[in-house]
Amino acid sequence: MLDARAWVLCVCAAALALVACSRTSQPVHFFAEGRPSKLSDWQVIYTDGPNLALNAGVIPYDLNTALFSDYAHKLRTIWMPRGTSAKFSADGSFDFPVGTIISKTFYYPRTKGAARDSIAVARTYDQSADFSDKAQGELGLKLANVHLVETRILVRRQGGWEALPYVWNAAQTEAVLARTGDAKPLELVSDDGTKQAFTYVVPNENQCAGCHVVDLKTKQIAPIGTKARHLNREYSYAMVRENQLLHWTKLGYLTGITDPASAAKNADWRDVAQPLDARARAYLDINCGHCHNAKGPANTTALDLTIFAADDRYLGICKPPVAAGRGTGDHFFDIVPGNPQDSILPYRMRSSEPGVMMPEQGRTTTHVEGVVLIEQWISATTGRCS
Amino acid sequence: MGKVAIAILCVLAAGCGGGGTAPQALSADDAAYQQKLQELFLDAKPGSVIEIPAGRHALDRVLTLRANGVTIRGLGSDKSILSFKNEISGPEGMLVYASDFTIEHLAIEDSKGDGLKVNDGENITIRDVRVEWTGGPKTTNGAYGIYPVKSKNVLIEDSASIGASDAGIYVGQSQNVIVRRNRAEKNVAGIEIENTINADVYENTATGNTGGILVFNMPNLAQPGQSTRVFNNKSFDNNLANFAAKGAAVASVPAGSGVVVNSNPKVEIFDNDIAGNHTANLIISSYFSTNYYNTRGVDPKYDPYPRAIFVYGNRFKGGGDSPDGLELKTLKTAMFGINGHFPDVLWDGYVDTKSLVNGLPPAAERICVQNGDAEVLNADGPNKYKNPKVDKTAFQCELPKLAAVELPHS
C-alpha cells in the first residue's frame, strides 16, 4: 500500500507535469557538508523558464504572522529525506531530522510593465499574482510577475543547522552563494505611485546567526518559523486547502500531533477580526522574540517580547531601558501605557537608522503598518507608570 | 530650462519623491577588502589570528565573530583603522559572541551603534584598541565604545574610547573584570561598570567627559552588581554638557561628575586624583535620584541604595564650583554662595530607612569617607533638598577592603 506522502507526491508530480513540468528529474540533493556554490545544486527550487518551481517532496508553507523584511514576499519551503519526519514540539521549533532543507526565497511582485532586471518593485501585501497557479505556492512562482532577490537555505546537518544565503542574478536564472552577504539598491513603488529608494541588505552567514541563534549558550542555529504557533494555519495546496500541521502529518513530515486544534496558534497581525492584543503579541513574537527572549542575544536588556512574556515590566511596560543609548529617542520607558508617542518601542520600530532601529538587522525601511499596529496596541494599554 | 535643471537635480539626488537615501557605496578596493575580511571572520576557528593591515579600511557592515579562541590584531590603534562611517547594516562595528577572544592594536571608528560589543564571552582581552567617533561628541554617535556584556574574566587595557553618546568603556552584567591604563574622553560616561561583580578599575584617565568613572546598578537585570574597586585613576575636568538621549541611564549624570556610584554596593574608591569636576568630584547616589524609578517598571527586589561605599586616600582638587542643573545650582548657591563650591563628596541622602539601627545603617552597609579634609554634602534628596547638610564625622567609619581581581588569562 502506498503511504500517504508517496501518494501526495504522486499527485503533486502529476499536477506539476500538467502545469509546467519540463524539469530535471533529479531529486533534492542534501549536501551533508560543504557549501554548494549555486542554489540549483540543492535541487530544492529551480527555474524552469516561466516558473520558480518546487521539486517533488518540497512543500511550501506560510506563517500566521511573519517577520517584516522590507516588504519582501517570501516563498518558504521544507523538504525532508524519505522516511524521516520532524517531531512536534508545543512551544519550540520542531525537532527536524538530519537532511532537512528549509528554503526561504525573498522576492517582490514586479511593478506593472517593469523589466525583469528593473529595480522598481511593488510595495504590496497582495500575493495573488505571485503564484503559477491559483494555489498559494506549491506550483511555484510566476517569474513574469516577480523579482527574485535572495534565497536562504537552512540545512540540518549532523552537527546542527547551517545557514547559507544565495543571491539571484539579474537574469533571474540562478542564485549564487553570497557568504558575505550583498546589498541591492531597490525602489519600492506603492499602489498610489509613491516611490521609495532603499538598499536591500542580504545578510552574511554570521548575520544569519544574529537571528537564528536563539540560545546564546548553545550557539546553535535553529529555524524560527517552524513552530506550532506560527505554522498552525491553513494553506492552499494544489490539491487541497488544509491546515499545515495536518498536511505535514499526512505527508509523514511531522509526528506527535493528532489535532492541530489543540496546538498553539498565533494571530495573523493583519486580520482585524482578531483581538488587537493577539495581533500585536504575534507581531512582537516573530519580529523581536528571537533575540528578546530569556536565552537570546538581547537577554542583556531584560526585555522579553515572545508570546510567552507576562504582561508586565519584562514586556516593556513602564520599564526603563538598560542599554538603549540613543535608541531611547528621549523617552523614559519602553512602553508607556496609553501613550505610544512617549514609548521607546514604537520609536525604534519607526526608525530605519542603524543604532536606533529595531530589529537591528533584516530591514532598512520602516514597516509603517507594523508601527501602526503596535501604536494602537499601546494606546489600548491602561494604567500609569508611577 | 528650469524644468530640465530640476529634473537633472532630481536624478542626481536620486531621491525625489522617495523617502530613502542611498548610502555611499564603498570604493572597489574597500569593498574587496571588506569581503575578504568578512570571509576571515566567517572562517575563523580556534587559534586563528586575523591581522588587520595598516590603513583606514572603510566598511559598511558589522564584523561578527562567533568562533572561540580567535585573535584579531592590527599594527597599532593609530595605524590599523576600521571605519564604519558609511555603515548600512550593523549597528555595531564589531560584534563578538565568543570566548578566549583577544583584540589588540587597532581602531574602530564611527560605527552607527556600539564600537566593539562582546556578548556572553569568557576570557576576553581588549588591548590597545581605540574606539572613536571622529566628529566629536554628538547624540547621534554610537552608544558604547568598548562594551563587554554578560562576560566573565575580562581585561581591557591600554585602550581608548572617544565620543560615545552613552558610555565609552562600558562593562555590563559581567564578572571578574580589570579595566586599566585606558583613556576615556568626550563620552557622556567615560568608564562605566554596571551590574558587574568584582571589577578593578585602575590607572585610567577620564577627562572631558560628562562623568568620569561610573559604578551603577540598573534594575530588572538577572545580575545585581557589587564589589568594584576604583583606584589610582585620574578623573579630571569632566565637564562636558550631557549629550545622551533622554531616558538613557547616563542622561541623569550631571555634567561635572568625577566619579559616580549609583545604587551599587561594596565600592571602594581610593588613591585617585579627582579634580576640577564642576558638579562634584565624587557623587554617591540612589536610583531614586535618576527620575526613572516607578513601581510598575522596576522589580521590587531591586536594591536602589548604594551600600558599603568606602572612600579613602584620594587626592581631590577643585571642583564642585559650578554644578549642572537648576536644583543643584540653586542648592550650591544657597549653601556656599556664588563663589563657593560643594564639598568633594555629594551624596543624595537616600537611605534604606528599614535597615537603620539607631538612625544609622548597619556598620557593614555604611558610606565611609576617610579622606583627609574631604567633606560630604548630604543633599537631602528624599525631602526635595530641604535640609541639606555638610558633615564629616558621620562618615568616619571603615569597611573591610575588597580583594583584588585576579584573571586567569592576564
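Everything quoted here is computed from the prediction, not taken from an experiment.

About the criteria used
Residues numbered from 1 in each chain as written. Chains lettered and ligands numbered in written order. Predicted model: local features only at pLDDT ≥ 70, side-chain atom pairs only at ≥ 80, totals over all residues. Helix = DSSP H or I, 4+ residues; strand = E, 2+ residues; numbered from the N terminus. Rg over C-alpha atoms; globule rule 2.2 N^0.38 Å. Contact = placed C-beta atoms within 7 Å. Pairing = 2+ DSSP bridges. Axes fitted to C-alpha atoms, helices over the stretch in contact; angles between N-to-C directions. Expected span 1.5 Å × (residues − 1). Buried ≥ 20, exposed ≤ 12 C-beta atoms within 10 Å, placed from the backbone. Arc of directions from axis to C-beta. Core = buried A, V, L, I, M, F, W, Y, C linked by C-beta atoms within 7 Å. Domains from an automatic or database assignment. Nonpolar A, V, L, I, M, F, W, Y, C, P; charged D, E, K, R; others polar.

Asks: Lay out the overall build of chain B in plain terms, naming residues and giving numbers.
Replies: Per the secondary structure count, chain B includes 3 helices and 31 strands. For a compact globule of 410 residues, the expected C-alpha radius of gyration is about 22 Å, and chain B comes in at 23 Å, within 12% of that figure. The principal-axis extents of the C-alpha atoms in chain B amount to approximately 75 × 60 × 40 Å. When contacts within chain B are restricted to residue pairs at least 6 apart in sequence, those whose partners lie at least 24 apart make up 63%.

Asks: So, unusual backbone geometry: which residues are in play, and what are the values?
Replies: The amide bond that connects Met358 of chain A to the next residue, Pro359 of chain A, takes the cis arrangement and shows omega of -5 degrees. In this structure, Pro359 of chain A sits in the loop between α6 (344–350) and α7 (368–380). For the bond running from Gly90 of chain B to Pro91 of chain B, omega is 5 degrees, close enough to zero to count as cis. Looking at the secondary structure, you find Pro91 of chain B in strand β6 (residues 89–96). Although it is not a glycine, Ala302 of chain A adopts a positive phi angle of roughly 65 degrees.

Asks: Go over the sheet that holds strand β3 (residues 61–65) of chain B with me, naming the residues and quoting the values.
Replies: Residue and element names in this part refer to chain B. Pairing in this open sheet of 12 strands is mixed, and the strands run β3-β6-β8-β10-β13-β16-β19-β22-β25-β28-β30-β31 from one edge to the other. Each edge of the open sheet is held by one strand with a lone partner, namely β3 and β31 (389–391). Taking the axes of each pair of neighbouring strands and ignoring which way they run, one obtains an average angle of 20 degrees across the sheet. Where strand β10 (residues 146–149) and strand β13 (residues 167–172) come together, 2 bridges link them in parallel fashion.

Asks: Could you give me a rundown of helix α2 (residues 28–43) of chain B, with the residues and numbers involved?
Replies: Its 16 residues place the ends of α2 of chain B 23 Å apart at the C-alpha level, agreeing with the 22 Å of an ideal helix rising 1.5 Å per residue. All of the buried residues along α2 of chain B are Gln34, Gln38 and Phe41 of chain B. Projection of α2 of chain B onto a plane perpendicular to its axis shows the buried side chains occupying an angular sector of 60 degrees, all on one side. Pointing more than 90 degrees away from the buried face of α2 of chain B are the exposed residues Ala28, Asp29, Ala32, Lys36 and Asp43 of chain B. Contact partners of the buried residues in α2 of chain B: α2 (205–212) of chain A together with β1 (49–51) and β3 of chain B.

Asks: Residues and numbers for the nonpolar core, please.
Replies: Core analysis: the largest hydrophobic core is formed by 213 residues, its most contacted members being Tyr107 of chain A together with Leu116, Val179, Val250, Leu282 and Val345 of chain B. No fewer than three residues from each of domain 1 (4–262) and domain 2 (276–380) of chain A sit in this core. If we skip the residues at most four places from it in the chain, Val250 of chain B touches Asp166, Ala167, Val188, Ala189, Gly211 and Ala244 of chain B.

Asks: Go over the domain arrangement of chain A, please, and point to the residues and values.
Replies: All names here are of chain A. As far as domains go, chain A holds domain 1 (4–262) and domain 2 (276–380). Using C-alpha coordinates to define each centre, domain 1 is positioned 27 Å away from domain 2. Taken together, the 25 residues of domain 1 in the interface contact 17 residues of domain 2. Taken together, the elements giving at least two residues each to the side of domain 1 that touches domain 2 come down to β13 (195–202), α2 and α3 (228–231). Classifying every residue of the side of domain 1 that touches domain 2 gives 13 nonpolar, 8 polar and 4 charged.

Asks: Would you mind going over the interface of chain A and chain B in detail, with residue names and values included?
Replies: One frequently used descriptor of interface size is the decrease in accessible area upon assembly of the parts. Listed per partner, the contact involves 51 residues of chain A and 51 residues of chain B. Taken together, the elements giving at least two residues each to the side of chain A that touches chain B come down to β12 (182–189), β13 and α2 of chain A. A per-element tally of the side of chain A that touches chain B places β13 of chain A first, with 6 residues. In the side of chain A that touches chain B, the residues fall into 21 nonpolar, 20 polar and 10 charged.

Asks: Any chance you could break down the environment of Phe336 of chain B for me, citing the residues and the numbers?
Replies: By the element assignment, Phe336 of chain B lies in helix α3 (residues 326–336). Excluding its chain neighbours within four sequence positions, the residues that come into contact with Phe336 of chain B are His341 and Phe342 of chain B.

Asks: Go over the sheet that holds β12 of chain A with me, naming the residues and quoting the values.
Replies: All names here are of chain A. Reading across from one edge, β7-β12-β13 is the order of the 3 strands in this open sheet, with mixed pairing throughout. Strand pairing shows two members of the sheet lacking a second neighbour, β7 (120–122) and β13, which therefore form its edges. Pairs of neighbouring strands in the sheet enclose a mean axial angle of 45 degrees, with direction left out of account. Note that β7 and β12 share 3 bridges and pair parallel. Note that in β12 the partner of Val121 across the bridge is Leu188.

Asks: Help me get a handle on the pairing of strand β25 (residues 280–285) of chain B, residues and values and all.
Replies: All names here are of chain B. Of all 6 residues in β25, 6 are buried, a share of seventy percent or more. Note: strand β22 (residues 257–262) against β25, 5 bridges, orientation parallel. Within β25, the residue paired with Val260 across the bridge is Ile283.

Asks: Which residues make up α2 of chain A, and what values do they have?
Replies: Most of α2 of chain A is tucked away: 8 of the 8 residues are buried. Every buried residue of α2 of chain A is accounted for by Glu205, Asn206, Gln207, Cys208, Ala209, Gly210, Cys211 and His212 of chain A. Of the surrounding elements, those touching the buried residues of α2 of chain A are β9 (146–157) and β10 (160–168) of chain A together with α2 and β3 of chain B.

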